[in-house]
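Chains, contacts and geometry: an overview
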Amino acid sequence: MEEKFSVQDSIGKLWGKLDGWLDAIILKLPNIAMAIVVMIIFYFIARGLRKLFRNILLKRISQVSIQEIISKTVFVTVLLIGFFIALGVLELDKVLTSILAGAGVIGLAVGLALQGTLSNTFGGLLLSFMPNIKINDFIQNGDASGRVEEISLRNIVIRTPENNTVVIPNSNFVDGAFTNYSLTERGKVFVHCGVGYESDLQMVEDLTVRVIKENFQQNGDENVEFFFTEFGDSSINFMVRFWADVKTKAQEHAARHKAVKLIKSHFDAEDINIPFPIRTLDFGKNNLTMRTIQNQDTASVN
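Residues numbered from 1 in each chain as written. Predicted model: local features only at pLDDT ≥ 70, side-chain atom pairs only at ≥ 80, totals over all residues. Heavy atoms only, no water.

A look at the overall build of the chain
Selection rule: Numbering of helices and strands runs from the N terminus; a helix is a DSSP stretch of H or I covering at least four residues, while a strand is a stretch of E covering at least two. Buried residues are those whose accessible area, probed at 1.4 Å on protein chains only, stays under 20% of the maximum for their type, while exposed residues exceed 50% and partly exposed ones sit between those limits. Here the Shrake-Rupley method, with its probe set to 1.4 Å, supplies the accessible areas, and only the displayed protein chains count as covering residues.
Along the chain, the regular secondary structure elements total seven helices and 10 strands. By residue count, 28% of the 302 residues in the chain fall in the buried class. For the chain, the accessible area works out to roughly 21,100 Å², and carbon and sulfur atoms hold 60% of it.

Re unusual backbone geometry
We note that Asn163 has phi near 70 degrees; this positive angle belongs to a residue other than glycine. Here Asn163 is to be found in the loop between strand S3 (155-159) and strand S4 (165-169). What makes Asn163 exposed here is its relative accessible area of 53%. Its identity as a non-glycine residue notwithstanding, Asp271 has a phi of 55 degrees, on the positive side.

Re the sheet that holds strand S6 (residues 187-195)
Applied cut-off: One bridge is not enough; two strands pair if DSSP finds at least two bridges between them. Structural elements are reduced to axes, namely lines fitted to C-alpha atoms, with helices fitted over the stretch in contact, and the angle between N-to-C directions of any two is expressed from 0 to 180 degrees.
Pairing within the open sheet is antiparallel, and its three strands lie in the order S6-S8-S7. Unpaired on one side and paired on the other, S6 and strand S7 (225-231) mark the two borders of the sheet. Within the sheet, the average angular offset between the axes of one strand and its neighbour, ignoring direction, is 20 degrees. One ladder, built from nine bridges, connects S6 with strand S8 (residues 236-244); its direction is antiparallel.

Digging into helix H7 (residues 249-269)
Stated precisely, the cut-off is as follows: By definition here, a helix of n residues has an expected span of 1.5 Å times n minus one. The arc in question is traced by the directions running from the helix axis to the C-beta atoms. Throughout, a residue-residue contact means that at least one pair of heavy atoms, one from each residue, lies within 4.5 Å.
Taking 1.5 Å as the rise per residue, H7 with 21 residues should run 30 Å; its terminal C-alpha atoms sit 31 Å apart, in good agreement. When we look at burial in H7, the residues that qualify are Glu252, Ala255, Ala259, Leu262, Ile263 and Phe267. One side of H7 holds all its buried residues, which, seen down the axis, span an arc of 125 degrees. In this structure, H7 carries Ala250, Lys261 and Ala269 as exposed residues pointing more than 90 degrees from its buried face. Contact partners of the buried residues in H7: S6, helix H6 (201-215) and S8. Remark: Asp271 follows H7 within two positions and exhibits a positive phi of approximately 55 degrees.

Observations regarding the packing of aromatic side chains
Given two aromatic rings, their pairing is described by the distance between the two centres and the angle made by the two planes. Threshold: Paired rings are identified among Phe, Tyr and Trp, the last through its six-membered ring, by centres lying within 6.5 Å, and are further divided according to the angle between planes into stacked (under 30 degrees), edge-to-face (over 60) and tilted (the rest). Criterion for a charge above a ring: Lys NZ or Arg CZ within 6 Å of the ring centre, and within 35 degrees of the ring normal.
Counted by the stated rule, this structure contains nine aromatic pairs. Each ring, one from Tyr43 and one from Phe44, has its centre 5.5 Å from the other, and the planes form 75 degrees; the classification is edge-to-face. What makes Phe44 exposed here is its relative accessible area of 52%. In this structure an aromatic cluster arises from ring pairing among Phe226, Phe228, Phe238 and Phe267. Sitting over the face of the ring of Phe75, Arg50 holds its NZ or CZ atom 4.4 Å from the ring centroid. Its guanidinium or amino end placed over the ring of Phe216, Lys258 lies 5.0 Å from that ring's centre, counting from NZ or CZ.

Quick word on H6
Taking 1.5 Å of rise per residue, 15 residues should cover 21 Å, and H6 covers 22 Å from first to last C-alpha, within 8% of that figure. Along H6, the residues that are buried comprise Val204, Leu207, Thr208, Val209, Val211 and Ile212.

Focus on the confidence of the model for the chain
So the rule is basically this: A score from 0 to 100, pLDDT tells how confident the predictor is in each residue.
Residues at a pLDDT of 70 or more form 64% of the chain, whose mean pLDDT is 76. In the model, residues 293-302 has pLDDT below 50 throughout and makes 14 contacts with residues more than four positions away in sequence or in other chains.

Focus: the sheet that holds S3
Read from one edge of the open sheet, five strands run S4-S3-S2-S1-S5, paired in antiparallel fashion. Single-partner strands in this sheet number two, and they are S4 and strand S5 (179-180). Bridge count between strand S1 (residues 138-141) and S5: two bridges; the pairing is antiparallel. Within S5, the position partnered with Gln140 by the bridge is Thr179.

Put into C-alpha cells, the structure is as follows:
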C-alpha cells in the first residue's frame, strides 16, 4: 500500500536537515574566519603590489592606460590567488575544481569570440614597450601621417597636420610597416628644378651647391648632392638633396621652402632661366565665317 503524505514527517525531515547544516556551519566557523582573514590579507597585498607597480616598476611606460591595465591585472591576480587559498581553507576542493574547469571553458569561448580584440590588446602591450614609437612622435602608417596622441590597448591615435584624428587598430599597426620621423635629428631634403637648354650646366651646378652649403650646415660626412636627371620638354631637370634639422614633415617643408626661394633668387641674379611649358594655339589659315539671316551679309574673320 502507498504511504500517505505526512506534513509532520516532512517538517521533521526538513528540520533535521537544517539542524545538520547548522552543526556543519558551527564546526566550520574557524575555517570561515580563517578564510576571511586570508582574503583580507591578500586584499592588502594586492593593493600594495598595485601601488608598487604604479610608482616604481611602471615609470618607464608613458601610456597611462597601459599603466592602469597592468596594475589592475596584478591586483585581480593576487585577489584570485587569495580566493583559491580561502576555498582550500574551507575544504571546498571540489568547488575549486569545478570553478577552474568552468573558467577554462569560458576562457576558451571568450578567446574564440574576441580574437580581434585580444589581438589589439596584445598589440597595445607590445607598442607600449617598443622604443621605436612613443607619444608625440611624428609617424606615417600607410596613407596616414601625424603626431602620436595616444596608445591604448585597442588602438593608436594620431593627429594629422590637417588637425584630423586617425584611429589605427593596434593589430594593423603592429603587423604593418610605419615610418617614425622623430627617431633621427637630421634628414635629407630633396629639391627638384629645371634650367633652360641654353644654360651653362656646370655654372648651374656650382651655384646651386654653393647656395645650399652656405645656408644649410652639413655636418661630418654630410654633403650636398647635385644630379642632372633628364632632358625635359622645355628644360634640363636636376635634383639637389642636402641634410637639415628635420624631425617632422613641417620642418621638411620649411627647409625645402627656404631652398627653393634661395635657388630662385640666385638664378635670377645670374640670369639663369627656369623655363616653363608654353602651349601655342595655331588656327592656321582657316577663316571663321559668320552669316546673319536679316541681310544675308557675310563677315569673314581671319
